[in-house]
Amino acid sequence: MPDLSALSETLGVPDLDPELLTHALTHRSYSYENGQIPNNERLEFLGDSVLGLVVTETLFRTHPDLPEGQLAKLRAAVVSAKALAEVARTLGLGDHLRLGRGEEASGGRDKASILSDAMEAVLGAVFVQFGIDRAAEVIHAIFDPVIARAAELGAGLDWKTSLQEISALHGHGVPVYVLEDTGPDHDKTFTASVILGDLKFEGGVGRSKKDAEQMVAEIAWRAISEMAESGVADQKADQAGESARTS
């Protein structure tokens, strides 16, 4: 496993306690196989709140004109499992995880759910050792670019709402989501499809119902947008042809 000191440097906290960082990187599967040693779930719980507070305050201060609903969408985009996993991959967090044999064999080092939880746990560890000010510095260094991108997402702030809007605009009706789940209660994976009149879109997968629905809503939104653009292009081509014939 790569040297933890390199990860601490990357995080901007070279003085972070190695034992605390190791704790933050210990998945429950490793804990189960090694005598129930402490896993990172409590630190994850703490880090989730710390991250949420810092991101919420940042959005509140940098977007003084946005209403509460829009701020909530921005925050959700920044602290989503997908966004956290992308940040974790950028930091190389997966290389440092302590996983059980099953998770190791099934590609756990790149699973969005495991990476996002570990990212929150690491932030929780920084808070435990250094307090909110230092944790906020780390969060700003890592997540300010994510916050900036979220402000430009548009439809991506809430794919379900955006799908409902574009579906109504083009007469496809109200989206109906169909969910299925697999796995044990403590480790479920959800798959989602969405029906819009005669259209059906599949491919939503997530560790929660919300994540799966958001993913399939994005798939459907992009498909309907492409169909609409294609229809406009076809209409313009027909109009051009008609104009040429009558001129």
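Anything mentioned here points back to the structure above.
About the cut-offs
- Residues numbered from 1 in each chain as written.
- Predicted model: local features only at pLDDT ≥ 70, side-chain atom pairs only at ≥ 80, totals over all residues.
- Heavy atoms only, no water.
- Helix = DSSP H or I, 4+ residues; strand = E, 2+ residues; numbered from the N terminus.
- Buried < 20%, exposed > 50% of the residue type's maximum accessible area, 1.4 Å probe, protein only.
- Salt bridge = Lys/Arg side-chain N within 4 Å of Asp/Glu carboxyl O.
- Pairing = 2+ DSSP bridges.
- Phe/Tyr/Trp six-rings, centres within 6.5 Å; stacked < 30°, edge-to-face > 60°.
- Lys NZ or Arg CZ within 6 Å of the ring centre and 35° of its normal.
- Core = buried A, V, L, I, M, F, W, Y, C linked by side-chain atoms within 4.5 Å.
- Contact = heavy atoms within 4.5 Å.
- Lys, Arg positive; Asp, Glu negative; His and termini not counted.

Right, let's talk about the overall build of the chain for a bit. Helix and strand counts for the chain come out as 11 helices and 3 strands. Scanning the chain from its N terminus toward the C terminus, one meets helices and strands in the order α-α-α-α-α-α-α-α-α-α-β-β-β-α. Here the C-alpha coordinates of the chain stretch approximately 80 × 40 × 30 Å along the principal axes. Scored against the burial criterion, the 247 residues of the chain give a buried share of 39%.

As enumerated under the stated definition, the model contains 12 salt bridges in all. When the shortest N-O distance is used, the salt bridge between Glu104 and Arg109 registers 2.8 Å. Linking Glu213 and Lys160 is a salt bridge whose minimum nitrogen-to-oxygen distance equals 2.7 Å. Here Glu213, found in helix α11 (residues 209-246), pairs with Lys160, found in helix α10 (residues 159-169); they are 53 residues apart in sequence, far enough to count as distant. The class for Glu213 is buried, based on a relative accessible area of 13%. Looking at Lys160, the relative accessible area reads 27%, which means it is partly exposed. When salt bridges with common partners are traced through the structure, they connect Asp181, Asp185 and Lys188 into a single cluster.

A word on the pairing of strand β2 (residues 189-196). As paired elements, strand β1 (residues 176-182) and β2 share 7 bridges and run antiparallel to each other. By the bridge assignment, Val178 is partnered in β2 with Ser193. In textbook terms, the turn of a hairpin is the stretch between consecutive antiparallel strands, and for β1 and β2 this stretch comprises 6 residues, one of which, Gly183, has a positive phi near 95 degrees. Two strands pair when backbone bridges link them, and β2 and strand β3 (residues 199-206) are joined in this way by 6 bridges, in the antiparallel orientation. Paired with Ala192 across the two strands is Gly204, which belongs to β3. Two successive antiparallel strands, β2 and β3, enclose a turn made up of 2 residues, where Gly197 displays a positive phi of approximately 60 degrees.

Given two aromatic rings, one states the distance between the centres and the angle between the planes to describe the pair. Summed over the entire model, instances satisfying the criterion amount to 1 aromatic pair. Its guanidinium or amino end placed over the ring of Phe130, Arg134 lies 4.4 Å from that ring's centre, counting from NZ or CZ. Sitting over the ring of Tyr177, Lys160 keeps its end group 4.7 Å from the ring centre.

Here we come to unusual backbone geometry. Most peptide bonds take the trans configuration, and most residues that are not glycine carry a negative phi. A positive phi is found at Gln36, a non-glycine position, where the angle reads about 55 degrees. On the basis of relative accessible area, Gln36 is assigned to the exposed category, the value being 55%.

Membership of the largest hydrophobic core comes to 46 residues, with the highest contact counts inside it found for Leu11, Leu25, Leu93, Met119, Ile142 and Phe143. For this core, the secondary-structure elements that each account for two or more residues are α1 (4-11), α2 (18-24), α4 (41-62), α5 (68-78), α6 (81-91), α8 (112-130) and α9 (132-150). Contact partners of Leu25, with chain neighbours within four places excluded, come to Leu4, Leu7, Asn40, Leu93, His96, Leu97, Arg98 and Val122. By size, the runner-up hydrophobic cluster in this structure holds 13 residues, among which are Trp159, Val216, Ala217 and Ala220.

Within the secondary structure, Glu44 is located in helix α4. At 6.2 Å, Arg28 is the nearest oppositely charged side chain to Glu44, a buried residue that forms no salt bridge. Once you skip the residues sitting within four places of it in the chain, Glu44 turns out to touch Asp117, Glu120 and Ala121.

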